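In case you want the letters, here they are:
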Protein chains: 2
Amino acid sequence: MATFLKAKSEKGRTRVKKTGGKFVYFFGSGKAEGKAEMKPLLGGKGANLAEMTNLGIPVPPGFTITTEVCNLYYQNAKKWPAGLEQQILDNLAKLEKSMGAKFGSKENPLLVSVRSGAAVSMPGMMDTVLNLGLNSEVVQGIIIKTENERFAWDSYRRFIQMFGDVVMNVDHDEFEHILETKKKQVGAKADMDLSAADLKEIVRQYKKIYKDKTGEEFPQDPIEQLFKAINAVFGSWNNPRALKYRELNNIKGLMGTAVTAQAMVFGNMGETSGTGVCFSRDPSTGEKVFYGEYLINAQGEDVVAGIRTPKPLNILKKEMPRIYGELVAIKDRLEKHYRDMQDMEFTIQEGKLYFLQTRSGKRTAAAAVRIACEFVREKMITEAQAVMRVQPKQLDQLLHPNFDPKVKKKKIAKGLPASPGAASGEVVFTAEHAEELAKKGTKVILVREETSPEDIAGMNAAQGILTARGGMTSHAAVVARGMGKCCVAGVSELDINYDKKIFKVEGVEVKEGDWISMDGSLGEVYLGQVKTVEPELSSDFDRLMKWADKYRKIKVRTNADTPNDAQVARKFGAEGIGLCRTEHMFFEADRIIAMREMILAENTAEREKALLKLLPIQRKDFEGIFSAMNDLPVTVRLLDPPLHEFLPHEEASQQEMAQVMGVSIDKIKHKVHILSEFNPMLGHRGCRLGITFPEIYEMQVRAIIEAAINMKRKGIKVLPEIMIPLVGTLKEFTFLKDKSLKVIEKVFSEKNDKVQFMIGTMIEVPRAALTADKIAEAAEFFSYGTNDLTQMTYGFSRDDAATFLESYLSLEILDKDPFQSIDTEGVGSLMRMGIEKGRKVRPGLKVGICGEQGGDPDSVNFCVAVGMNYVSCSPYRVPIARLAAAQAELKLAKK
Amino acid sequence: MATFLKAKSEKGRTRVKKTGGKFVYFFGSGKAEGKAEMKPLLGGKGANLAEMTNLGIPVPPGFTITTEVCNLYYQNAKKWPAGLEQQILDNLAKLEKSMGAKFGSKENPLLVSVRSGAAVSMPGMMDTVLNLGLNSEVVQGIIIKTENERFAWDSYRRFIQMFGDVVMNVDHDEFEHILETKKKQVGAKADMDLSAADLKEIVRQYKKIYKDKTGEEFPQDPIEQLFKAINAVFGSWNNPRALKYRELNNIKGLMGTAVTAQAMVFGNMGETSGTGVCFSRDPSTGEKVFYGEYLINAQGEDVVAGIRTPKPLNILKKEMPRIYGELVAIKDRLEKHYRDMQDMEFTIQEGKLYFLQTRSGKRTAAAAVRIACEFVREKMITEAQAVMRVQPKQLDQLLHPNFDPKVKKKKIAKGLPASPGAASGEVVFTAEHAEELAKKGTKVILVREETSPEDIAGMNAAQGILTARGGMTSHAAVVARGMGKCCVAGVSELDINYDKKIFKVEGVEVKEGDWISMDGSLGEVYLGQVKTVEPELSSDFDRLMKWADKYRKIKVRTNADTPNDAQVARKFGAEGIGLCRTEHMFFEADRIIAMREMILAENTAEREKALLKLLPIQRKDFEGIFSAMNDLPVTVRLLDPPLHEFLPHEEASQQEMAQVMGVSIDKIKHKVHILSEFNPMLGHRGCRLGITFPEIYEMQVRAIIEAAINMKRKGIKVLPEIMIPLVGTLKEFTFLKDKSLKVIEKVFSEKNDKVQFMIGTMIEVPRAALTADKIAEAAEFFSYGTNDLTQMTYGFSRDDAATFLESYLSLEILDKDPFQSIDTEGVGSLMRMGIEKGRKVRPGLKVGICGEQGGDPDSVNFCVAVGMNYVSCSPYRVPIARLAAAQAELKLAKK
């Protein structure tokens, strides 16, 4: 030890500026310096180990280096802060004392694990080294102490492999190759079949490959091992997969990872040892059952990596009833203590149970909803707390269609129902390929032997994940549930040939590009593409939504263009339509012809003639929507896209159109040419069309009002809100409002009847927000079109931004995609300004949002904060918005 | 009279709400109720007639109905305010008394003219009716009174023609046809050759055509004539040509036109009568000479319409020396009184001189500059007043190139030097054709017999106007001078054949589409396209600019991409370069290949290789510019446009490029395809390129700094300012600033030398203005790119907006084109916000503008008001900006 330290000082280890303070927190012997609330400083793992220690739960002792140190490490060009080294050595001494063993001692050796742990759980993303402290001498001590030579050499070879991989970046495959070669050579099927001598030989070969690859001998000094491992964990904070994970999960503002060094306990010391993971309730369904898996004679990594398929806990009840009893008692205590479902790791060393970790368990949306509701029923939490317990985004899983149960499916395999949902897609065999195809809009299912953290981006791009190995807590399963992706895991009969790009299962051969479907709730795989149906929602779901609605103040509307969409949304709790896009109505076969006639018209008279054909069609559409939305407001946006979108751009389709309409193709080509624009997003569209061709909007307004009166006469309560898009100046608005009012008065007098109505505007051009005080003089409501507002505020064309947005996100120039979630700083400041200015001249001004961000929880939070009256989102996101809105209010109230 | 009123009340003339107040102002008998300061209420004509009356100048008496009435008329659905009718009748009675004559009387008839007159002069735009009060009885009275039967019938036929045309919209040509037919029939060459009998017969035919076209008899009641004429003048306020004129001249905020009814005096009562227009100085050159034209035995319309070519005033001096003396005395008085060059109309009735109008005369820029300076020398005005006297926009005329005097020109004709400047273009014969070709970018010269107000748009579209008839005060001449367009008028030998689309002159035949050139200062016309040279600026121009600079505080820089541009701008007084666009440097033949190699590069290494070829080229460009701008700051903008702009898009050019570069055309096509964007304006350009391909900006920064150091070593004082375009977030800026600083430090250490430099940003994305407080943390200067900022704030693509902008302007949805002049309400509020936020965190922040509006006087005014440090504009607009900036300060000081 002294030697190592001396050598280091000779090399001139630079002391960085004194920061003082406490860098290391001890836990052990029933007492810990930390506690659960110190998560930001100690990481989730460190804080919970401390908390468990204080609760008297059997936890191997250890110490945690704070996240602050990780931050200082990066700030100081990867150097340790002054004082850290001494604090580690002091705590190591305490640990030795607590364990009655010595680090590096041949006689009574202490081995430790070194683990990462940030304030937010990032499973499998960062590095861990087990069995640290072994060297050629210590291994002999272990042999003597455990009287288990095989165990000692196996531990040593695992340590070299992990240390080599994690700390020194020696390719994992190099070690695996040696292991596999040896297994073949001695005819061993599994690792377990290798003898002590085999493992000893493997250790020799591991050390050789280590030296070949790193240019150094495998370190014999345990302190050197420890310090290097600590730095490796710090380093893993910024490895590509950890960065990607934080990006995907939008995790930011953390200082770094903590590092916990903990006395090793061994699940692989024979048949009275074992290791497992468990959940205090079922993380898939939320059912109140003790749920978990374990392996006898194994180390934790064997469970998590999914290499051996573990056994369910109810078998442990029979195999080790005492241990099982202890497990149940502790999990009950932990769940009550934390008032949340717990995800725990345990190890049994020669008949003694240790807890290595507890944390709030990741869960499916269904489980989250059920657990929250049951906790309320069990009086563990309040309704408001329950509302805060479910991630709004997660609800997506519950709301999307499932497979139609009436459709006959060709089942080809069954595996573990690792993450619920229904998915169909083309088979791909690599994560890269999945990403590539998904970018082109192809739906894919990623099929892998097992997944690893390197596959994250591909998993995210896929509709679902299918694996041959691994259990319910394998990498694939945990990550897929977190993502809300459908996953079927552990289909052991799956025979994958990566080279030929096929898999075989039950005699069926499936090639890359073939369609398969999967039900993640049943764990079933089907051939081909299977039709989906609407999901059935649980009573707990309704209950939670009702609680949410109690706290929610902002209204939630939907974006819906058809009566069917409107009905779905209403079922999900929509309180009106915030955006009914009239242009989508024109694309159907019977309408597009009249629309095209209108576009080809040479003058106002011809245009009016074509519009006269569209009038009854539009009116009928509106009647359907008003009827579906009886007693709720319906905001109809007048025609928005540029006219060229309604014309075919390919020669063949133009030819077809020419034939159908009886005009020359040259006329069509000419019109397409005339209408083509350099920047159509900023071109002749929205109210600009309404101003240059007033007869279009006049027809639409007539259709809306006629439909409203017709429905009113059928006893429907209609509340139409006419919305003018792309307004940038007051005069644009008043010009069109005046024209609309004239049409409305005309219809009223023709029908000798009236309906209530409003005329308002979208705020989607920056100038509209900047001059909202002017526009609000005439506009009766505002609806933020945040898609376009974001495009113009950033100057980003959404259709083109992919070429640089990805770089922007990976270089952290942007924290998040502003098209997904409102940029509160830039776009948001315009929105705030627009609301303030608008309400200054029209105090009761109704303000909503109808951009796609309307269903994004962070954006809903912002909309609540700035005092909007409603958000509007796609039908399937209505419950998400309801929950997010409730949470926003609860958070505001907390402040 | 009573009959008419009774008939009116029977028809139920609706009285609009009582507004009270004085609607009519009398002038006459040496005393007027109005005065010059009442222009907004009485119009320029009414106010000046009142003023002249009060000055004792012989003005026929009359009364003026206020502009307020015109406004009320439009507000009240074209009905008169209560009380107006009575006030008119009262004033008519006063007028009768003053003239000792009776309106409608057979014995002693009073005739009046009814004229329009807004607060701002709009020559020829609105309607006038002369000789009003004539009917079948009154004409007999005139015959008796004047003993001139021919005059009486000629007056009557003119009255019917004007009244029919102006008040009742009977086509002018209908009357002309009758007149021409009669002339042919009796063998009359000119109107003057028609006898009293001929004219009487014409009157009969006029009345018949009037009845045929209007369905009513020509009104015999003079009061009905008067009231209808008044309404016609109100109506002419919003006729298309008046609207167009106000749009072109950006005249707004007026209440309407006033209407002046004034006793008729006749210039067509024989050889002792006449009419003319005159200027107190030469409106073309500013020379202090009495300048004007007149016609004997003619009415005013004959001079203005350009139908007969009038005689210069010096002939009047011989023909009527007494009258000439009176004229000179009065014009001197008026000029002294108004302290400005006057444009006056006069009529001589049987040897007695009357003034019908005086106003500040329109003048060329050269004249404006000279007159302002001479007025200072004559101690009539102060230097500051002189600075305010010249319209900055007008200077354009002085600054643009003239024909190279050394080039031999083929002169084909000489006419009047009606409006100075040099112009070349293809011959067109109609205003519509001129507009059409100009839209396609073709330069045209509009060739007409004479122009009329209907031709305004075509005149505006043309490079210059050439007419066969009309004098220096003809329509073509007056309008062209106002527009700053070159015009040669009255080329009487011009033989135009509209049908064949040719003109012949001096034996030369010129076809439509042939090139001609014209010198508007010499009145010469040349065959073909003539080379131009830089203008020589007068010493008065320099003097005025120096006075302007005394009052100016804001700096004026230039947008210049080449050393040559930089030199021109410096000569015009530029105090630095505000925008040097580096991309323009890449388009020249020797550079585009390296640029294209860079774009085709498959990876960073290839890209760097191509950039290495561009480095010395860029460095040399910068050396030239730094050298031209010794001791002045130079702002260099890094690459801005999307890369596809540097690739050819047509097959043939792609083929050529493929050959030159030795790559396959498919590679080029593929790259063009990859780089194509839906909305390139909002795509992968500006700093987004800098971020995704950092090596491009690194090369440019290196070129700038190396050039700066090289020039510094040659004794040049270099002040480079590196400008990053299209920044929307702080992080974009800091990312690129950091990379730039690294390159700069590297160059400093390589060269072992340093230069001062700044790194700043364009503010052209709305988000940049909204978050200027963040961006200013790192950016050392801001430069508003108002072209893009306007595009994004409005959501208008400048390249596409033509399709609706025209409608927007004509419908008055927009007051002006926001790309010409800053939209102070919308874009301006963002600019104001950006400056305030920026200076909050960086108090001394230097802020400028480099969009095209930087040379627009209204925009300069705004930039001064918001406290910018400089404006930057094209070299030729530098003096305009200097003058506008001085005026802005003087206006601010006045407040």
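Refer to the preceding data block for the structure.
The shown structure was predicted, so the numbers you read here are calculated from the model rather than taken from an experiment. (Residues numbered from 1 in each chain as written. Chains lettered and ligands numbered in written order. Predicted model: local features only at pLDDT ≥ 70, side-chain atom pairs only at ≥ 80, totals over all residues. Heavy atoms only, no water.)

What is the right way to read the overall build of chain A from this model?
Counting secondary structure elements, chain A contains 35 helices and 34 strands. Over its C-alpha atoms chain A spans a radius of gyration of 32 Å, differing by no more than 12% from the 29 Å that the globule rule assigns to 895 residues. The principal-axis extent of the C-alpha atoms belonging to chain A is close to 105 × 60 × 55 Å. Within chain A, the fraction of its 895 residues that count as buried is 60%. Counting only contacts in chain A whose residues sit at least 6 apart along the sequence, the fraction spanning at least 24 positions is 69%. Of the roughly 35,700 Å² of accessible surface on chain A, 50% is carried by carbon and sulfur atoms. (Helix = DSSP H or I, 4+ residues; strand = E, 2+ residues; numbered from the N terminus. Rg over C-alpha atoms; globule rule 2.2 N^0.38 Å. Buried < 20%, exposed > 50% of the residue type's maximum accessible area, 1.4 Å probe, protein only. Contact = heavy atoms within 4.5 Å. Areas by Shrake-Rupley, 256 points an atom, 1.4 Å probe, with all protein chains shown as cover.)

What's the story with the relation of the copies chain A and chain B in this structure? I'm lost.
The operation linking the two copies of the chain is a rotation about an axis combined with a translation along the axis. Rotating chain A by 179° and translating it 0.2 Å along the rotation axis places it on chain B, where the RMSD comes to 0.4 Å. Classification of the inter-copy transformation places it as that of a two-fold axis. A symmetric contact is evident, with 100% of the interface residues of chain A recurring at the interface of chain B. (Least-squares fit on C-alpha atoms with pLDDT ≥ 70 in both.)

Explain the pairing of strand 1 (residues 24–28) of chain A here, please?
Remember that side chains alternate between the two faces of the sheet whenever the strand is regular. Residues and elements named next belong to chain A. Across the 5 residues that make up strand 1, a large majority, 5, are buried. On strand 1, burial covers both faces: V24, F26 and G28 on one face and Y25 and F27 on the other are all buried. Bridge analysis of strand 1 against strand 3 (residues 62–65) gives 4 bridges, and the strand direction is antiparallel. Residue V24 lies in a different strand from strand 3, and its bridge partner there is I65. Counting the residues in the hairpin turn of strand 1 and strand 2 (residues 31–32) gives 2 residues, including S29, whose phi is positive at 55°. (Pairing = 2+ DSSP bridges.)

What should I look at first to understand the packing of helix 6 (residues 149–167) of chain B against helix 7 (residues 172–186) of chain B in this one?
Residue and element names in this part refer to chain B. In the contact formed by helix 6 and helix 7, the axes pass within 9 Å of each other and the chain directions differ by 155°. Classified by the angle their axes make, helix 6 and helix 7 are roughly antiparallel. From helix 6, R157, I160, Q161, G164 and D165 reach across to helix 7, where they touch H172, F175, E176 and L179. Of the residues assigned to the contact of helix 6 with helix 7, the class counts are 3 nonpolar, 3 polar and 3 charged. (Axes fitted to C-alpha atoms, helices over the stretch in contact; angles between N-to-C directions. Parallel < 35°, antiparallel > 145°, perpendicular 65-115°, else oblique. Nonpolar A, V, L, I, M, F, W, Y, C, P; charged D, E, K, R; others polar.)

Any chance you could explain the packing of aromatic side chains here in plain terms?
Centre distance and the angle of the planes are the two values used to describe a pair of aromatic rings. For the coordinates displayed, the defined rule picks out 42 aromatic pairs over all chains. Taken together, F159, F163, Y210 and F218 of chain A form an aromatic cluster joined through their ring pairs. When the ring centre of F572 of chain A is taken as reference, the NZ or CZ atom of K571 of chain A above it lies at 5.3 Å. Sitting above the plane of the Y526 of chain B ring, K409 of chain B keeps its charged end 5.4 Å from the centroid. (Phe/Tyr/Trp six-rings, centres within 6.5 Å; stacked < 30°, edge-to-face > 60°. Lys NZ or Arg CZ within 6 Å of the ring centre and 35° of its normal.)

Would you explain the interface of chain A and chain B in this entry?
One widely used convention gives an interface's size as the accessible area the parts lose upon coming together. Every contact between the two is made by 46 residues of chain A and, on the other side, 46 residues of chain B. A buried area of about 4,100 Å², summed over both sides, lies between chain A and chain B, and 60% of it is on carbon and sulfur atoms. Summed over the three residues of chain A that lose the most area to chain B, namely N679, L682 and R767 of chain A, the buried surface amounts to 15% of that side. Put simply, chain A and chain B have 6 salt bridges between them. (Buried area = accessible area lost by both parts, 1.4 Å probe. Salt bridge = Lys/Arg side-chain N within 4 Å of Asp/Glu carboxyl O.)

Help me understand the environment of H684 of chain B, please; the structure alone is not making it clear to me.
Note that H684 of chain B resides in the loop between helix 25 (665–675) and helix 26 (687–692). Since its relative accessible area comes to 12%, H684 of chain B is described here as buried. It is 81 Å that separates the C-alpha atoms of H684 of chain B and N148 of chain B, two residues lying 536 residues apart in sequence. Among all residues touching H684 of chain B, those that are not within four sequence positions of it are T803 and F804 of chain A together with P642, E677, L689, T692 and F693 of chain B. A distance of 2.7 Å separates the side chain of H684 of chain B from the side chain of T692 of chain B, its partner in a polar contact. (Polar contact = N/O pair within 3.5 Å; in protein donor to acceptor, adjacent residues only side chain to side chain.)

How do you make sense of the nonpolar core when you look at a structure like this?
Looking at soluble globular proteins, one finds that nonpolar side chains tend to be buried together. In this structure, L226 of chain A together with L226 of chain B are the most contacted members of the largest nonpolar core, which totals 473 residues. Excluding residues within four positions of it along the chain, L226 of chain A makes contact with I88, L92, F103, V112, V114, L132 and A261 of chain A. (Core = buried A, V, L, I, M, F, W, Y, C linked by side-chain atoms within 4.5 Å.)

Is there a simple way to explain helix 25 (residues 665–675) of chain A in this structure?
What sets the pattern is the α-helix's 3.6 residues per turn: residues three or four places apart point alike. All names here are of chain A. Buried within helix 25 are the following residues: I665, I668, V672 and L675. Looking straight down helix 25, one finds its buried side chains confined to an arc of 100°; they lie on one side. Structural note: helix 25 exposes D666 and H673 on the side pointing more than 90 degrees away from its buried face. (Arc of directions from axis to C-beta.)

Explain the sheet that holds strand 9 (residues 274–279) of chain A to me, please; I cannot follow it from the model alone.
Residues and elements named next belong to chain A. The 5 strands are arranged 11-10-9-12-13 in an open sheet whose pairing can be described as antiparallel. Both edges of this open sheet fall to strand 11 (311–312) and strand 13 (352–360), since each of them pairs with a single strand only. Examined bridge by bridge, strand 10 (residues 291–296) and strand 11 share 2 bridges and lie antiparallel to one another. Paired with Y294 across the strands is K311, a residue of strand 11.

Even after reading the chapter, I still don't get unusual backbone geometry, so can you show me in this structure?
Among all residues except glycine, the phi angle is most often negative; among peptide bonds, the trans geometry is most common. Residue and element names in this part refer to chain A. For E350, which is not glycine, the phi dihedral falls at a positive 45°. Looking at the element boundaries, E350 is found in the loop between strand 12 (342–349) and strand 13. Residue classification places E350 among the partly exposed residues on the basis of a relative accessible area of 45%.

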